[in-house]
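# Inside the fold
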Amino acid sequence: MNEINNTAELKKRRRLIRLELTGGVILLFIILNFLLGGRVLTGQNIISIIRHAVFPSFVAWGMSFIFTAGIIDLSVGATIVLAANIGSVAAMEWGWGYWGLLITAVLAAVICEQLSVRCSVTLKIPSWISGLGMALIFESIISVYGSIRSVTQGNNACTLKSYRIFGTTPLMTIMWIAGFITAYFLLNRTNIGINIQAIGGNSTVAKQMGINEKKTILIGALIGSVFFGLGAVINISDVSVIYPKSGLASLNTIFKSLAVVLLAQGFTKLIDMSAGILVGSIIISALFNILTLLGVPSGTGQEMLLGLVVIFCGIISNIKTKEVVK
């Protein structure tokens, strides 16, 4: 009886904290809207905030299926850049249109992610090491192809001039909501999602329960890479061109998503990881939107703050961890 009462009390406290958190965020937006002369809560600006939250959300959902299992893959940014460029070439230069854009971008992301994760789990090396190595390889592929394009076409970037419907409103918002529903269902209502969380929680216990660790990690990487591929399609459709990266510059592509993941981990006591990513992406997007309204330069100033945000979100996600975080 006491256990039932304690559970009911815990649920009640969680609901209260959720309401307080929601109310606090709304109040903060109202105050900022007042201070910025009503420029924050306009219809156009709210749409802008949502638009800029979609791509980080898809990447973060993909990360949740990989990072949750203990695989810290740092090749994700390079994978997205490569997938976006391949999709652009398929759509524009090969004449495959929307289907070419979608299928080739997702397929490229799946292949790249499988190579990166398999390198770690098969060779038994730390995932962040294999991820960095693969990131350099993927970046080199893009750079070499870009150099060839510079000679043959006078431009090293693949531009998506047409077939950009996936970067328009309201389709981006529809895909965003569909992405959340899919991520939530797969992570919380399927055996593979539960197994991924079990491995991330305690791999030794998970193995004793009969969970195949390698198989689970690879399937998680497969699901995550589909989200990466869709994110690449949304991003290239939105901005029309993604330039080749080198020297691990592709890591910058995933910093906002990483901040979203870390922020969502800090919310897991209150809401599900997938929902936390949805909320976190809005918070991060709104933060940079407000910085832009305040006139903070999008180069050094916002990048510096992004670094601080990533560290702050990391602190929140590990605030109750007693051992040294590696």
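This report concerns the structure included in the present document. (Residues numbered from 1 in each chain as written. Predicted model: local features only at pLDDT ≥ 70, side-chain atom pairs only at ≥ 80, totals over all residues. Heavy atoms only, no water.)

This brings us to a nonpolar patch on the surface. On the surface, I72, L123, I125, W128 and I129 cluster together to form a nonpolar patch covering roughly 450 Å² of accessible area. By the secondary structure assignment, I72 is in the loop between α2 (43–67) and α3 (76–92). (Patch = residues over 30% accessible without salt bridge, like charges linked within 9 Å, V, L, I, M, F, W, Y side chains within 5 Å. Areas by Shrake-Rupley, 256 points an atom, 1.4 Å probe, with all protein chains shown as cover. Salt bridge = Lys/Arg side-chain N within 4 Å of Asp/Glu carboxyl O. Helix = DSSP H or I, 4+ residues; strand = E, 2+ residues; numbered from the N terminus.)

Before going further, it helps to examine the packing of α3 against helix α4 (residues 97–123). The geometry of α3 relative to α4 is characterised by a closest axis approach of 7 Å and an angle of 150° between their N-to-C directions. When the axes of α3 and α4 are compared, the pair comes out roughly antiparallel. For α3 against α4, the interelement crossing comes out right-handed. Where α3 approaches α4, its residues V76, T79, L82, A83, I86, G87, S88, A90 and A91 are matched on the opposing element by G97, G100, L101, T104, A105, A108, A109, C112 and E113. Of the residues in the contact of α3 with α4, the class split is eleven nonpolar, six polar and one charged. (Axes fitted to C-alpha atoms, helices over the stretch in contact; angles between N-to-C directions. Parallel < 35°, antiparallel > 145°, perpendicular 65-115°, else oblique. Left-handed = near helix turned anticlockwise from the far one by under 90°. Contact = heavy atoms within 4.5 Å. Nonpolar A, V, L, I, M, F, W, Y, C, P; charged D, E, K, R; others polar.)

Further remarks concern unusual backbone geometry. That bond from T169 to P170 is cis: its omega, 15°, falls within 30 degrees of zero. Here P170 lies in the loop between α5 (127–152) and α6 (171–188). Although it is not a glycine, Y163 adopts a positive phi angle of roughly 55°. If you trace the backbone, Y163 turns up in the loop between α5 and α6. Here Y163 falls in the partly exposed class, since its relative accessible area comes to 32%. (Buried < 20%, exposed > 50% of the residue type's maximum accessible area, 1.4 Å probe, protein only.)

Let us now look at the packing of aromatic side chains. Per the stated rule, a full pass over the model turns up eight aromatic pairs. One aromatic cluster is present, formed by F58, W61, F65 and F227 through successive ring pairs. The cationic tip of K256 hangs over the ring face of F288; the distance from NZ or CZ to the ring centre is 4.5 Å. (Phe/Tyr/Trp six-rings, centres within 6.5 Å; stacked < 30°, edge-to-face > 60°. Lys NZ or Arg CZ within 6 Å of the ring centre and 35° of its normal.)

Below, the discussion takes up α2. Along its 25 residues, α2 runs 35 Å from first to last C-alpha, staying within 8% of the 36 Å computed at 1.5 Å per residue. Of all the bends in α2, the largest measures some 30° and sits at V54, one to four residues before the proline P56. (Expected span 1.5 Å × (residues − 1). Bend = angle between axes of the 7 residues up to and from the residue.)

Moving on, we get to the pattern of salt bridges. Evaluation of the coordinates by the stated rule reveals three salt bridges. Here D238 ties to R51 by a salt bridge, and the two come within 2.6 Å at their closest N and O atoms. Of the two residues, D238 sits in helix α9 (residues 213–239) while R51 sits in helix α2, which places them 187 residues apart along the sequence. A relative accessible area of 26% means that D238 is categorised as partly exposed.

In this structure, V59, I80 and F228 are the most contacted members of the largest nonpolar core, which totals 69 residues. Per-element tally for this core: the top contributor is α2, with eleven residues. If sequence neighbours within four positions are ignored, F228 has contacts with V59, G62, M63, I66, V76, I80, A109 and E113. Counting residues in hydrophobic clusters, the runner-up holds six residues, among them L36, I49, A286 and I290. (Core = buried A, V, L, I, M, F, W, Y, C linked by side-chain atoms within 4.5 Å.)

Functional significance is not addressed by these values, which are geometric in nature.
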